[in-house]
Amino acid sequence: MPGLAECQSLLRLLIARGDPKAIPLAKGAIDQFLNTAPLSMRGRGLRVLQRDALDQHDAAVGVQRSFAETVDAYIEHKLAEE
């Protein structure tokens, strides 16, 4: 899928840092993925990103966990729009 690996890598990095100021960057990466992915692949790609964020959430603590929850919520919102 176009852009999925890049988006996933960036989200992993941002979750690991846990900086709340980077939330717009995470949302922008997800939006960019959606803008470049074929319509038929968007939902599946979002689910891959969501699963990865949830996996990181399970291993995270503190601000990293909160950041992963925010990413998950944004992806859930985008899935509802699909």
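Bear in mind the structure is a predicted one, so any value in this text is a computation, not a measurement.

Asks: Even after reading the chapter, I still don't get helix H1 (residues 4-17), so can you show me in this structure?
Replies: Turn by turn, an α-helix covers 3.6 residues, leaving residues three or four places apart pointing in a common direction. Helix length check: H1, at 14 residues, gives a terminal C-alpha distance of 20 Å against a target of 20 Å (1.5 Å per residue), a fit within 8%. Among the residues making up H1, those that are buried are Leu 4, Cys 7, Gln 8, Leu 11, Leu 14 and Ile 15. For H1, the angular spread of buried residues about the axis comes to 130 degrees, placing them on one side. Exposed residues pointing more than 90 degrees away from the buried face of H1 are listed as Glu 6 and Arg 17. Where the residues of H1 are buried, they touch helix H2 (23-36), helix H3 (39-59) and helix H4 (62-81). Just downstream of H1 lies Gly 18, where phi reads positive at about 70 degrees.

Asks: I'm lost on the side chain of Gln 8 in this one. Help?
Replies: Within the secondary structure, Gln 8 sits in helix H1. A relative accessible area of 17% means that Gln 8 is categorised as buried. Those residues in contact with Gln 8 that lie beyond four places of it in its chain are Val 48, Leu 49 and Asp 52.

Asks: I keep staring at the nonpolar core and nothing clicks. Help me out?
Replies: In globular proteins that are soluble, nonpolar side chains generally tend to be buried together. Ranked by internal contacts, the top residues of the largest apolar core, which has 21 residues, are Ile 30 and Val 71. Broken down by secondary-structure element, the contributors of at least two residues to this core are H1, H2, H3 and H4. If you tally residues by element for this core, the top one is H4, at six residues. Leave out the neighbours within four places in its chain, and Ile 30 touches Cys 7, Leu 11, Leu 46, Val 71, Tyr 74, Ile 75 and Lys 78.

Cut-offs and rules
Residues numbered from 1 in each chain as written. Predicted model: local features only at pLDDT ≥ 70, side-chain atom pairs only at ≥ 80, totals over all residues. Heavy atoms only, no water. Helix = DSSP H or I, 4+ residues; strand = E, 2+ residues; numbered from the N terminus. Expected span 1.5 Å × (residues − 1). Buried < 20%, exposed > 50% of the residue type's maximum accessible area, 1.4 Å probe, protein only. Arc of directions from axis to C-beta. Contact = heavy atoms within 4.5 Å. Core = buried A, V, L, I, M, F, W, Y, C linked by side-chain atoms within 4.5 Å.

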